[in-house]
Amino acid sequence: MKFISIVSPEKIDIIQLDNLLYCKSDRKLTHFFDVNQQQYTATKYMGEFETELLTNGFYRIHHSYIVNLKYLKRIVSKNAPFVELFTDIILPISKRKYLGFRQHLGIKKTKPAAA
């Protein structure tokens, strides 16, 4: 079982990676959200967590978001692309990251059905 240490001025939270839904960048802070709707805030940039997260089933879908692929429910590409998690949370996918995200998931571009 893998864990991540989330250091804030008041405490250090030790969280199982399997229980994290996503994290969100907020300037010099990173907010982590878990399956129990708990929020944890680290006093580090999200980039400082990125390598550890990406090697453990997460993907950076946006400059501000890294998501746990385990909890993906659907990807919607209409207009501005976004992901929906099993908890009904909706997060944007940047247009710049969209193609790489699809490739990472093994999703090939489909052609429209012939009429």
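Please read these numbers as outputs of a predicted model, since none were measured by experiment.

## Some details on the overall build of the protein chain
- Counting its regular elements, the protein chain contains two helices and ten strands.
- Going from the N terminus to the C terminus, the protein chain shows its helices and strands as β-β-β-β-β-α-β-β-β-β-β-α.
- Principal-axis analysis of the C-alpha atoms gives the protein chain an extent of 60 × 25 × 25 Å.
- Counted over contacts in the protein chain with a minimum sequence separation of 6, partners at least 24 positions apart contribute 37%.
- Accessible area for the protein chain stands at about 7,600 Å²; split by element, carbon and sulfur atoms hold 51% of it.
- Put simply, the protein chain has 18 plus and 10 minus side-chain charges, and the middle of one group is 13 Å from the middle of the other.

## Considerations on the environment of Thr30
- In this fold, Thr30 is placed in strand S4 (residues 29–34).
- On the basis of relative accessible area, Thr30 is assigned to the buried category, the value being 0%.
- Ignoring sequence-local partners within four residues, the contact set of Thr30 consists of Cys23, Lys24, Tyr40, Thr41, Ala42, Lys44, Tyr45, Met46 and Phe49.
- Within the structure, the side chain of Thr30 is placed 2.7 Å from the backbone oxygen of Lys44, a separation counted as a polar contact.

## With respect to the pattern of salt bridges
- In this structure the tally under the stated criterion is five salt bridges.
- Between Lys73 and Glu84 there is a salt bridge, and its shortest N-O distance comes to 3.5 Å. In this pair, Lys73 sits in strand S8 (residues 72–76) while Glu84 sits in strand S9 (residues 82–85), placing the two residues eleven residues apart along the sequence.

## A word on the sheet that holds strand S5 (residues 39–42)
- Strand order in the open sheet made by the five strands is S5-S4-S3-S7-S6, with antiparallel pairing throughout. The open sheet has two free edges, formed respectively by S5 and strand S6 (58–62), since each of these has just one partner strand. Strand-to-strand twist in this sheet, taken as the mean axis angle between neighbours without regard to direction, amounts to 20°.
- In the sheet, strand S3 (residues 20–26) pairs with strand S7 (residues 65–68) via three bridges, with the strands oriented antiparallel. Following the sheet pairing, Lys24 is matched in S7 by Tyr65.
- Sheet strands touched by helix H1 (residues 47–54): S3, S4, S5, S6 and S7. Its angle to S6, the strand with the most contacts, is close to 135°.

## Digging into the packing of aromatic side chains
- With the rule as written, the count across this model stands at four aromatic pairs.
- Seen in terms of ring centroids, Tyr22 and Phe33 are 4.6 Å apart; in terms of plane orientation they differ by 15°. Their pairing is stacked. One end of the pair, Tyr22, is in strand S3; the other, Phe33, is in strand S4, and eleven residues separate them in sequence.
- The class for Tyr22 is buried, based on a relative accessible area of 9%.
- Under the relative-accessibility criterion, Phe33 is labelled buried at 18%.
- Taken together, the ring pairs in this structure connect Tyr22, Phe33 and Tyr65 into an aromatic cluster.

Conventions used here
- Residues numbered from 1 in each chain as written.
- Predicted model: local features only at pLDDT ≥ 70, side-chain atom pairs only at ≥ 80, totals over all residues.
- Heavy atoms only, no water.
- Helix = DSSP H or I, 4+ residues; strand = E, 2+ residues; numbered from the N terminus.
- Contact = heavy atoms within 4.5 Å.
- Areas by Shrake-Rupley, 256 points an atom, 1.4 Å probe, with all protein chains shown as cover.
- Lys, Arg positive; Asp, Glu negative; His and termini not counted.
- Charge placed at Lys NZ, Arg CZ, Asp CG, Glu CD.
- Buried < 20%, exposed > 50% of the residue type's maximum accessible area, 1.4 Å probe, protein only.
- Polar contact = N/O pair within 3.5 Å; in protein donor to acceptor, adjacent residues only side chain to side chain.
- Salt bridge = Lys/Arg side-chain N within 4 Å of Asp/Glu carboxyl O.
- Pairing = 2+ DSSP bridges.
- Axes fitted to C-alpha atoms, helices over the stretch in contact; angles between N-to-C directions.
- Phe/Tyr/Trp six-rings, centres within 6.5 Å; stacked < 30°, edge-to-face > 60°.

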